[in-house]
Amino acid sequence: MRALQGLRGPRAPALPLFLLCFLAAVRRSLEDGLSTAAPFTSLPVQEEITTKYSNLSSESHNISVTAAPYTSLPVQEEMMTKYSNLSLESHNISMTAMPMKENNKGNQICVDRGIMLQRNVTLEQSNMPVEKNITLERPSNVELTCQFTTSGDLNSVNVTWKKGDKLLEDNYLVNATGSILYTQYRVAVIGSKQMGSYSCFFGEKKQHRGTFNLKVPEINGKNKPLITYVGDSVVLMCKCQDCLPLNWTWYGVNGSVQVPIGVPVNDKYVISGKHANETRLKITQLSEDDQGTYWCHAIFELGESEGHVELVVLSYLVPLKAFCAIVAEVVLLVTAILLFEMYTQKKKKPSGDGKEFEQGEQMKLDDSNGIENSGPRHRKNESVGQ
Amino acid sequence: MTPKPTGPLDGGWGWVVVAAGFAVNGLSYGVLRSLGLAFPDFAEYFDRNAQETAWVSALALAVQQAASPVGSALSTRWGARPVVMVGGVLTSLGFVFSAFAHSLLHLYLGLGVLAGSGWALVFAPALGTVSRYFSRRRVLAVGLALTGNGASSLLLAPALQLLLDNFGWRGALLLLGAVTLHLTPCGALLRPLALPGDPLAPPRSPLAALGLGLFRRRAFLVLTLGTALVGVGYFIPYVHLAPHALDRGLGGYGAALVVAAAAMGDIGARLLCGWLADQGWVPLPRLLTIFGALTGLGLLAVGLVPVVGNEDGWGGPLLAAAGAYGLSAGSYAPLVFCVLPELVGIGNVVQATGLVMLLLSLGGLLGPPLSGFLRDETGDFTASFLTCGSFVLSGSFIYLGLPKSLPSCRPASRPGTPPPEMGELLPVPQVALLSPGHPHSTLDTTC
């Protein structure tokens, strides 16, 4: 277990202050009668912190928070209100390691560090990294907790946190109870620098790893290309499911370079959006040069996100050729049918009535005047009629 | 001099006419059914919601069915062939016009009104001609022709998706216009046929051509009344079977399987019942009543099926109910057209077909909205299916008023005698179409 030993090293002043606030809060709750021996009564502590820090809703996923034994630190009231306008988000990852048994094969991880050696286990394979993707839109306080279950000796498990590849040395807590080891890292995410991947590692060789990926929300453009025609107009839309970006910008692609659109405001491109979570780019007077991929960028406080829409502009000649071909085929069919009928009727040639030829050539006639003789068939008995 | 009219042929060129009828069905109802694939593209381009775009096909269907009597009236005056050919051109023009649409209104006009009118000119005359070309095998022939829309939507749906992906919706509509132009060669195949019982002179006035005088015949009136009621319930599964299956707990594929079961039952039954009915063992009005009632019962069963336990289940009871519904509905469809020659005479079949289509459309306009309303009120489709099932049952009950619908005490006609088609059940006037005052008799439905 790692005891918090006060401020260490050059850090952004905000974070340790933040931790002080947290500690202070925990201490007050401890004074309220929670004992450290009973490890977690997470919810009351959690709620206290939550109400202190946010006026927005916060997410909690049955997190247990505990404070390792601290050296007492001065409480500074004003620091507690420093980030009070930020919401609190908590995220949790659990990992379990089972001690290897004699006849167990496969993905069993031997953590028992005492005398038993790791045997016959490919640790790399069994080390499925556990990942969690977290979508953040606004600056908020983020609390990341890793929970590690093992039946071995918890005290000998080494715990580290990393952001990307950089080792984090501060701002995290570790506690253990029973067979569960908890570690928690807190960070106030206020800009794009704090976004990225945070990982917790358990074990000497860091063989157990949980990763939290902090990302901005994703933007949906369109997966299928939009097909339009020359001279037509089109509306390209990008949408974000549950988020409200600060601003949207559109880029067209010229070669491999993204060129902003709509900067000189003209009639051809009109950017609008009915709601804040969508943006529409209307392009009029399409020509074949307007073909290609269009990118929409959504700007958040915490970074940028983009989506794309592909536009295809066809000339009317493309379907028109197929259309004319089919119409020509239809005309041929009709002529063939009528010619065939005339031919068979001429062959049959019943009475010398000029009407047959008229019938073949005219298309308008009455049913009752029509003559039907198209070859031998079983004829209906005329006695049926009255 | 009028040449001596010959009787229906029951083969030969008749099968070509069946093929033409099959294609006509496919190019009208089949295209209409598949048109829904383009609606998301319409909605996106014109920035309207799904309901407004769905009005396009609802309007087309309404125009097609409501204007059917016009089509049959025109073909009574000029023959089926020119009317169908013109109808094909009209439909094609409607699609071409809508390919250049700049607002949803243009689509309503092009696809809804123009194409719908073209289809109205096409359906009743073609189906009536198929009826005229057959007597012994009429139900089978009509059933075969009616399978066109099912087969066509199977082919056309992926083809339309391909067109949409490659040409966008404008190009797809343009090419659909070219495809529907094939209605014209189908019309060219409908050679005119002279039959005994045809009116010797064309109707004198447009109103007479509409065949409204047919309503004076009690049997036809009974048929139309019953059909209007059946129409209310008949089309609801087209719209609501899939959502009902989803509501009952089936997953997406389970629901698709239910719809497929109904469709396959439908297709198979059209052919099977067609063959069966033509054997002449049971009089057609009785078969109509029976299958109408079975359809109603099938709908009740579909509505009453209990909730499926898990999503992965294949929904046995619902599948069986849907299959039963499909079988009976498929048998009902050709029968409702084939019973017409008995009631009105072969000479008036085209007009009668048009009028029956009109009545079906009135029901079809009422049914799905009613079903949707009941669904919104009660939370699931049970009430909807029960209601439409009861409409169908009441329509079938009315069919009992048709002549020969109830078993009579007279000895049954031997199979092998030709089916009645001169409207023998009611004496038909020999001369002009409208001849008031002929005696109504022989509605002997009791012992």
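None of the values given here were measured: they were computed from a predicted structure.

Definitions and cut-offs
Residues numbered from 1 in each chain as written. Chains lettered and ligands numbered in written order. Predicted model: local features only at pLDDT ≥ 70, side-chain atom pairs only at ≥ 80, totals over all residues. Heavy atoms only, no water. Pairing = 2+ DSSP bridges. Helix = DSSP H or I, 4+ residues; strand = E, 2+ residues; numbered from the N terminus. Axes fitted to C-alpha atoms, helices over the stretch in contact; angles between N-to-C directions. Phe/Tyr/Trp six-rings, centres within 6.5 Å; stacked < 30°, edge-to-face > 60°. Buried < 20%, exposed > 50% of the residue type's maximum accessible area, 1.4 Å probe, protein only. Expected span 1.5 Å × (residues − 1). Bend = angle between axes of the 7 residues up to and from the residue. Disulfide = S-S within 2.5 Å.

Caption draft 1: View of the sheet that holds strand E5 (residues 166-168) of chain A. Residue and element names in this part refer to chain A. Strand order in the open sheet formed by 5 strands is E2-E9-E8-E4-E5, with mixed pairing between adjacent strands. Two strands close off the open sheet at either side, each with one partner strand: strand E2 (130-135) and E5. Averaged over all neighbouring strand pairs, the angle between strand axes comes to 25°, with direction disregarded. Bridge analysis of E2 against strand E9 (residues 208-215) gives 6 bridges, and the strand direction is parallel. The residue of E9 that forms the bridge with Thr135 is Lys215.

Caption draft 2: Layout of the sheet that holds strand E14 (residues 269-272) of chain A. Residues and elements named next belong to chain A. Reading across the sheet, the 3 strands line up as E11-E15-E14 and stay open at both edges, with antiparallel pairing between neighbours. A single partner strand is all that each edge strand has here, and the edge strands are strand E11 (234-239) and E14. When the angles between neighbouring strand axes are averaged without regard to direction, this sheet yields 15°. As defined by bridge partners, E11 adjoins strand E15 (residues 278-283) across 6 bridges and the pair is classed as antiparallel. Bridging from a neighbouring strand, Leu236 pairs with Leu281 of E15.

Caption draft 3: Structural detail: the packing of aromatic side chains. Residues and elements named next belong to chain B. This model, assessed by the stated rule, comprises 19 aromatic pairs over all chains. For the pair Tyr45 and Trp169, a centre-to-centre distance of 5.3 Å together with 70° between the ring planes defines the contact as edge-to-face. Residue Tyr45 is found in helix H2 (residues 39-46), and its partner Trp169 is found in helix H8 (residues 148-180); the two are separated by 124 residues along the sequence. Under the relative-accessibility criterion, Tyr45 is labelled partly exposed at 23%.

Caption draft 4: Structural context of unusual backbone geometry. For Gln285 of chain A, which is not a glycine, the phi torsion comes out positive at approximately 50°. You can see Gln285 of chain A is positioned in the loop between E15 and strand E16 (292-300). Positive phi outside glycine occurs at Asp47 of chain B, with the angle close to 60°. The residue Asp47 of chain B is located in the loop between H2 and helix H3 (50-66) in this model.

Caption draft 5: Molecular detail of helix H6 (residues 104-133) of chain B. Residue and element names in this part refer to chain B. Between its first and last C-alpha atoms H6 spans 42 Å; for 30 residues at 1.5 Å apiece the expected length is 44 Å, and the two agree. Of all bends in H6, the biggest is about 25°, found at Gly116. By the criterion of burial, H6 is predominantly enclosed, with 23 of the 30 residues buried.

Caption draft 6: Structural detail: the state of the cysteines. One pass over the full model with this rule turns up 3 disulfides over all chains. What pairs with Cys146 of chain A in a disulfide is Cys200 of chain A, and their sulfur atoms sit 1.8 Å apart. Every disulfide takes its handedness from the sign of the S-S torsion; for Cys146 of chain A and Cys200 of chain A that torsion is -95°, giving left-handed. Of this pair, Cys146 of chain A sits in strand E3 (residues 140-149) while Cys200 of chain A sits in strand E8 (residues 196-202), and the two are 54 residues apart along the sequence. Each member of the pair, Cys146 of chain A together with Cys200 of chain A, is buried. Sequential numbering of the bridged cysteines in chain A gives the disulfide pattern 1-2, 3-6, 4-5. Here Cys273 of chain B stays unpaired: no disulfide links it, and the sulfur of Cys338 of chain B, its closest cysteine neighbor, is 8.6 Å away.

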